[in-house]
Amino acid sequence: MSGQPTSPERVEDEDASLVVIGHTVRVERKRRGWSVASLSERAGVSFGLLSGLERGQGNPSYRALHRIAAALEIPTTKLLTADSATDLVVRAGTGRLLPVDPAAPAHQRVRRELLTPHQQTTLQLIRSTIPPGFSNEHSPFRHLGTEVVTVESGRLLVVHGERRATLEVGDSATYGCSTPHWWANESDGVTVVLGAVTPFEG
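Residues numbered from 1 in each chain as written. Predicted model: local features only at pLDDT ≥ 70, side-chain atom pairs only at ≥ 80, totals over all residues. Heavy atoms only, no water.

## Section: the overall build of the chain
Stage number 1. The number of helices and strands found in the chain is five helices and nine strands.
Stage number 2. If you list the helices and strands of the chain from N to C, you get α-α-α-α-α-β-β-β-β-β-β-β-β-β.
Stage number 3. The 202 residues of the chain split such that 38% are buried.
Stage number 4. About 11,700 Å² of surface is accessible on the chain, with carbon and sulfur atoms providing 53% of the total. (Helix = DSSP H or I, 4+ residues; strand = E, 2+ residues; numbered from the N terminus. Buried < 20%, exposed > 50% of the residue type's maximum accessible area, 1.4 Å probe, protein only. Areas by Shrake-Rupley, 256 points an atom, 1.4 Å probe, with all protein chains shown as cover.)

## Quick word on the pairing of strand β9 (residues 191-198)
Regular strands place side chains that alternate from one sheet face to the opposite one.
Stage number 1. With respect to burial, β9 is a largely interior element, six of its eight residues being buried.
Stage number 2. Two elements, strand β3 (residues 124-130) and β9, share seven bridges in a ladder whose sense is antiparallel. Along β9, the bridge assignment pairs Leu 125 with Ala 196.
Stage number 3. Where strand β4 (residues 146-153) and β9 come together, seven bridges link them in antiparallel fashion. Bridge pairing in β9 places Thr 150 opposite Leu 194. (Pairing = 2+ DSSP bridges.)

## A short note on the nonpolar core
Stage number 1. By size, the foremost hydrophobic cluster in this structure holds 18 residues, and its most contacted members are Val 25, Leu 39, Leu 50, Leu 53, Ile 68, Leu 72 and Leu 79.
Stage number 2. With residues up to four places along the chain from it excluded, the contact list for Leu 79 reads Ile 21, Thr 24, Val 25, Leu 65, Ala 69 and Ile 74.
Stage number 3. In this structure, Leu 167, Ala 173, Cys 177 and Trp 183 belong to the second largest nonpolar core, which totals 13 residues. (Core = buried A, V, L, I, M, F, W, Y, C linked by side-chain atoms within 4.5 Å. Contact = heavy atoms within 4.5 Å.)

## Re the packing of helix α3 (residues 47-54) against helix α4 (residues 62-72)
Stage number 1. Two elements in contact, α3 and α4, have axes whose closest approach is 12 Å; the angle formed by their N-to-C orientations is 85 degrees. If you check the angle between α3 and α4, you find them roughly perpendicular. Across the interface between the two elements, Leu 49, Leu 50 and Leu 53 of α3 pack against Ala 64, Leu 65 and Ile 68 of α4.
Stage number 2. Residue composition of the contact of α3 with α4, grouped by class: six nonpolar, no polar and no charged. (Axes fitted to C-alpha atoms, helices over the stretch in contact; angles between N-to-C directions. Parallel < 35°, antiparallel > 145°, perpendicular 65-115°, else oblique. Nonpolar A, V, L, I, M, F, W, Y, C, P; charged D, E, K, R; others polar.)

## So, the packing of aromatic side chains
Stage number 1. What the rule picks out here adds up to one aromatic pair.
Stage number 2. Geometrically, the ring pair formed by Phe 141 and Trp 183 is edge-to-face, given 6.2 Å between the ring centres and 75 degrees between the ring planes. Placement of Phe 141 in the loop between β3 and β4 and of Trp 183 in strand β8 (residues 181-185) is noted, with a sequence separation of 42 residues between them.
Stage number 3. What makes Trp 183 buried here is its relative accessible area of 5%.
Stage number 4. Sitting over the face of the ring of Trp 34, Arg 42 holds its NZ or CZ atom 3.9 Å from the ring centroid. (Phe/Tyr/Trp six-rings, centres within 6.5 Å; stacked < 30°, edge-to-face > 60°. Lys NZ or Arg CZ within 6 Å of the ring centre and 35° of its normal.)

## Examining the confidence of the model for the chain
Stage number 1. Looking at the chain as a whole, its pLDDT mean stands at 85, while 86% of the residues score no less than 70.
Stage number 2. For the chain, per-element mean pLDDT is lowest for helix α1 (residues 8-31), which scores 68, and highest for strand β5 (residues 156-160), which scores 98. (pLDDT = per-residue confidence, 0-100.)

## Notes on the sheet that holds β8
Stage number 1. Taking strand neighbours across the sheet as the criterion, the three strands line up as β6-β5-β8 in an open arrangement whose pairing is antiparallel. Every other strand in the sheet has two partners, leaving β6 (163-167) and β8 as the edge strands with one partner each. Each adjacent strand pair in this sheet contributes to an overall mean axis angle of 15 degrees, direction not counted.
Stage number 2. One ladder, built from five bridges, connects β5 with β8; its direction is antiparallel. Bridged to His 160 within β8 is His 181.

## Let's talk about the environment of Val 159
Stage number 1. Mapping Val 159 onto the fold places it in strand β5.
Stage number 2. Among the residues examined, Val 159 registers a relative accessible area of 5% and is labelled buried.
Stage number 3. Each C-alpha atom, one on Val 159 and one on Glu 137, is 8.5 Å from the other, the two residues being 22 residues apart in sequence.
Stage number 4. Leaving out residues up to four positions away in the same chain, Val 159 has contacts with Arg 164, Pro 180, His 181 and Trp 182.

This is the structure:
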């Protein structure tokens, strides 16, 4: 019925669908090694529309989605029927990058790549690339959940409450996230850490 307000549940469903469509477009674009500008030109849609879509934003028309799918040489239905069941694999280099404060100094800018499907699971796997000199001692993390971190390269200091541990390559640490905790890169170069987080804490 026209004029009937849209329910919050409907809005959330539509937003989630747009996120999944945008994720699919981004994965397919990166798989071909194309930039956003390149796909925009090939599909005949604006850069802003495509950039927003890949971030799960905007309100693209069916015509625009059809053009994007045609440029990617995939069926339009692959975009329109995409759901969480199709997000089985996150290809190397296509994980969503978590926001970084652009005003932060270079040694505080950690590159965090989400290796699990965005907004599709309560478990998150994140690869953090930590620059030399990084420490968040003065702004420790504190949130609900449990985290396990494993060092892939470099050396990481983990401070959890009053406990301190230096992790070398291959070492892991597990802790409850409701206790204030912080990291510091103790190597002279970049340290790379894999971290898995769930919202549950025993």
